[in-house]
Amino acid sequence: AAALFAATGYRAPPEHWDLSLGLAFVTSIVWISCAATELLECLTTLGTAVGISPAILGVTVLAWGNSVGDLVADVVIAR
């Protein structure tokens, strides 16, 4: 972004704006995927160390974690 900003004037948009937007989108998807995979592996390792089967982890912990965002959004809207 800094290189594009330095290479263009203040009034003109960058020449390869579409390419940089596409690259930023793909990069964000890759980062989210890496973070989700790492979180899942850490949770699976923790469950294995404690002695909880992956099926139970999937039904309880992962499902609960998936619902937290909805809970927060519902509470904010209800206020």
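Asks: Help me get a handle on the overall build of the protein, residues and values and all.
Replies: The secondary structure content of the protein amounts to 3 helices and 0 strands. Each helix and strand of the protein, placed in order from N terminus to C terminus, yields the pattern α-α-α. Radius of gyration (C-alpha) of the protein: 21 Å, far over the 12 Å computed for a compact globule of 79 residues. Referenced to the eigenvectors of the C-alpha coordinate spread, the extents of the protein come out at roughly 60 × 35 × 15 Å. Out of the 79 residues belonging to the protein, those deemed buried represent 5%.

Asks: Describe the packing of helix α2 (residues 17-50) against helix α3 (residues 54-78), with residues and values.
Replies: Orientation of α2 relative to α3, taken along the N-to-C sense of each, is 125°, at an axis distance of 11 Å. Relative to α3, the element α2 lies oblique. Where α2 crosses over α3, the handedness of that crossing is right-handed. The segment α2 lies against α3, with Leu40, Leu43, Thr44 and Gly47 engaging Leu57, Val61 and Leu62. Residues of the contact of α2 with α3, tallied by class, amount to 5 nonpolar, 2 polar and no charged.

Asks: Account for the state of the cysteines, naming residues and giving values.
Replies: Within this structure, the stated rule accounts for 0 disulfides. Not engaged in a disulfide, the cysteine cysteine 42 finds its nearest cysteine sulfur in cysteine 34; these two sulfurs lie 13 Å apart. Its relative accessible area of 44% is what places cysteine 42 among the partly exposed residues.

Asks: Which residues make up the environment of leucine 57, and what are the values?
Replies: Mapped onto the elements of the fold, leucine 57 is located in helix α3. In this structure, the C-alpha to C-alpha distance between leucine 57 and leucine 46, residues 11 residues apart in sequence, is 9.9 Å.

Asks: Could you give an account of α3, with specific residues and numbers?
Replies: The first and last C-alpha atoms of α3 sit 35 Å apart over 25 residues, in line with the 36 Å expected at 1.5 Å per residue. In α3, a bend of some 30° at valine 68 exceeds every other bend along the element.

Asks: With reference to specific residues and values, describe the confidence of the model for the protein.
Replies: In the predicted model, the protein carries a mean pLDDT of 84, and the fraction of residues at 70 or more is 92%. The secondary structure element of the protein with the lowest average pLDDT is helix α1 (residues 2-7), at 76, and the one with the highest is α2, at 90.

What counts, and where the lines are drawn
Position numbers for residues count from 1 along each chain, tracking the sequence in the order it is written. Since the coordinates come from a predicted model, pLDDT governs what is reported: local features require at least 70, and pairs of side-chain atoms require 80 or more to be given and counted, while whole-chain, interface and lining totals use all residues. The basis for every side-chain value is the complete set of non-hydrogen atoms in the structure, without hydrogens or water. We count a stretch as a helix when DSSP gives it H or I for four or more residues in a row; a strand needs E for two or more, and each element gets its number in order from the N terminus. Between the two quantities, the radius of gyration covers C-alpha atoms and the globule rule is 2.2 Å times the number of residues to the power 0.38. Only protein chains enter the accessibility calculation, which uses a 1.4 Å probe. A residue is then buried if its area is under 20% of the maximum for its type, exposed if over 50%, and partly exposed in between. The axes are straight lines fitted to the C-alpha atoms, using for helices just the contacting stretch, and the angles between their N-to-C directions are given from 0 to 180°. Convention used here: angles under 35 degrees read as roughly parallel, angles over 145 as roughly antiparallel, angles from 65 to 115 as roughly perpendicular, and any remaining angle as oblique. In this scheme the crossing of two helices becomes right-handed for a clockwise turn of the near helix relative to the far one and left-handed for an anticlockwise turn of less than a right angle. In what follows, a contact means two residues having at least one pair of non-hydrogen atoms within 4.5 Å. All amino acids are sorted into three groups, where Ala, Val, Leu, Ile, Met, Phe, Trp, Tyr, Cys and Pro are nonpolar, Asp, Glu, Lys and Arg are charged, and the leftover types, Gly among them, are polar. Cysteine sulfur atoms that come within 2.5 Å of each other are treated as a disulfide pair. A helix is expected to span 1.5 Å for every residue after the first. Two axes enter the bend calculation: one fitted to the seven residues ending at the residue in question, the other to the seven starting there, and the bend is the angle between them. Confidence of the predictor at the level of single residues is captured by pLDDT, which takes values from 0 to 100.

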